[in-house]
Number of protein chains: 2
Amino acid sequence: MRQLIELLPHENIVYFGDTARVPYGNKSAEVIREYAVQDAKFLVSKGVKIIVIACNTASALAMDVVHAYSPVPTIGVIEPTAKEAAKLAGSKGVGVIGTLSTIGSEAYTSALRRIDSKSRIMTQACPLFVPLAEEGMFDHQVTDLVAREYLSQFTGKVDVMILGCTHYPLLRGAISRVLGNVVSLVDAGEATAKSVFELLSSSKMLNPQKSKPRYEFYVSDFPQKFNEIAESFLGRKLEFVRKVQIYSNGEIR
Amino acid sequence: MRQLIELLPHENIVYFGDTARVPYGNKSAEVIREYAVQDAKFLVSKGVKIIVIACNTASALAMDVVHAYSPVPTIGVIEPTAKEAAKLAGSKGVGVIGTLSTIGSEAYTSALRRIDSKSRIMTQACPLFVPLAEEGMFDHQVTDLVAREYLSQFTGKVDVMILGCTHYPLLRGAISRVLGNVVSLVDAGEATAKSVFELLSSSKMLNPQKSKPRYEFYVSDFPQKFNEIAESFLGRKLEFVRKVQIYSNGEIR
């Protein structure tokens, strides 16, 4: 969302955060696919012109079902991010970190191999990074220690690291301290926003209006510390926020 | 469940783990209360004679609504655990650790004050303990560091510490290393199992059959690493495990 706002400052954005059912990262593929389609239906009911699956886990596991359902174009984070990483990769190869589900799905590995069948890929699930980021422990010795635990194995072995989870850019500092400056960190959000920009331009779907855009945030719950966490992600105050209900047969409204 | 099996080896037990929607610990009170009643309805549909809310968060926030709904007796973890802690407390007082929701609800503080209006109480939410326990990092320097962060303030100030979350007994080692042996750790599971035993005996509801009991585990999802985590909690293999669906209007079957 933050990256989209930067790159597409005139687009209205409808955001849905399934806060009652997060985290998706350690649920089964079956449940993630069911929830992702319900989420997409909600966005379509709001009249959007394109759906961005701004979650690595949902993109990795549910891209096909959301695409099959959706009457509007759908962009996930995996393809654009893999493309960006492949562009930056040198002789050593690409590292990928993400949730258990994202890494377990091998979605990044498949996408990278489709671009270059000989690419060298190392992956690692980092399940503690999400709670650390949500605790706001961006620069804390605990986070440094956890980062060392997960990432030391990559030292000297990759030239690019895909931050394959929305939370990880918040831990960029700790991640860089282990990997060093020689490794480029590829932010899935940034790569995906570029892809959205390209799609909207090439298909002439950009908003012709240059007025101040409208941002609508919908969530399925107001969890503890919601505003605090949301604002640390977005870097701004949320103005329009509504709680929606998840109904019978998964309808959200 | 583990404590119940030890204390009541002849009782059949129906377990429901709402694995599709966990963790409850950082959701809003409203959502927790809604889910807890749905969960209780499922257990009642299985013909149980008593419901144990074996979750501190649900006990802290939803005991009244589950009790109001339930046609069978209901026991939560807060009252029995507070009673046990009050019994062990000396001149210094009682510490309580739990999830954000449990601590925020002040359920333990109220329960302890009902027993002794002058009791001295210190509380602290420890949101990283659940993910650390689920990662199996029981004896790890990261866990020790996090424990020091949360618990140093208690040193010399309490004689009892309530482990107010089902996951925390798994981190007993790290917690003791910070608090020292002089502080008694009160396990909510153990105190609650005792209470269940007392209720069943005094109301003559104990199972008269002495045959091998039946344990049925129902979950709403098979998350990543489910068996691994479940077995580390239970200390035994799960034999009967079924996945149930959460339907329209919250019905679970």
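Residues numbered from 1 in each chain as written. Chains lettered and ligands numbered in written order. Predicted model: local features only at pLDDT ≥ 70, side-chain atom pairs only at ≥ 80, totals over all residues. Heavy atoms only, no water.

A. Main features of the sheet that holds strand 5 (residues 121–125) of chain A. Residues and elements named next belong to chain A. Taken together, the four strands give an open sheet; going across it, the order is 5-4-6-7, and neighbouring strands pair in parallel fashion. Single-partner strands in this sheet number two, and they are strand 5 and strand 7 (184–187). Each adjacent strand pair in this sheet contributes to an overall mean axis angle of 20°, direction not counted. Inspection of the sheet shows strand 4 (residues 94–98) paired to strand 6 (residues 160–164) by five bridges, in the parallel sense. Each bridged residue has a counterpart across the sheet, and for V96 the counterpart in strand 6 is I162. (Pairing = 2+ DSSP bridges. Helix = DSSP H or I, 4+ residues; strand = E, 2+ residues; numbered from the N terminus. Axes fitted to C-alpha atoms, helices over the stretch in contact; angles between N-to-C directions.)

B. View of the interface of chain B and chain A. Contacts between the two partners involve 36 residues from chain B and, on the opposite side, 36 residues from chain A. When chain B packs against chain A, the two sides together hide about 2700 Å² of surface, and 56% of this comes from carbon and sulfur. Linking E30(A) and K243(B) is a salt bridge whose minimum nitrogen-to-oxygen distance equals 3.6 Å. Across the contact surface, chain B and chain A share eight residue pairs in polar contact (both at pLDDT 80 or more). Those elements that provide at least two residues to the side of chain B that touches chain A are helix 2 (29–45), helix 5 (100–105), helix 7 (129–134) and helix 8 (141–151) of chain B. No other element matches the six residues that helix 8 of chain B contributes to the side of chain B that touches chain A. When grouped by side-chain class, the residues that make up the side of chain B that touches chain A number 17 nonpolar, eleven polar and eight charged. (Contact = heavy atoms within 4.5 Å. Buried area = accessible area lost by both parts, 1.4 Å probe. Salt bridge = Lys/Arg side-chain N within 4 Å of Asp/Glu carboxyl O. Polar contact = N/O pair within 3.5 Å; in protein donor to acceptor, adjacent residues only side chain to side chain. Nonpolar A, V, L, I, M, F, W, Y, C, P; charged D, E, K, R; others polar.)

C. Inspection of the packing of helix 8 (residues 141–151) of chain A against helix 9 (residues 172–179) of chain A at higher detail. Residue and element names in this part refer to chain A. Where helix 8 contacts helix 9, the two axes come as close as 9 Å, and the packing angle between them is 50°. With respect to their mutual orientation, helix 8 and helix 9 come out oblique. Handedness of the crossing formed by helix 8 with helix 9: right-handed. Contacts between helix 8 and helix 9 pair T143, D144, A147, R148 and L151 from the former with A174, I175, R177, V178 and L179 from the latter. (Parallel < 35°, antiparallel > 145°, perpendicular 65-115°, else oblique. Left-handed = near helix turned anticlockwise from the far one by under 90°.)

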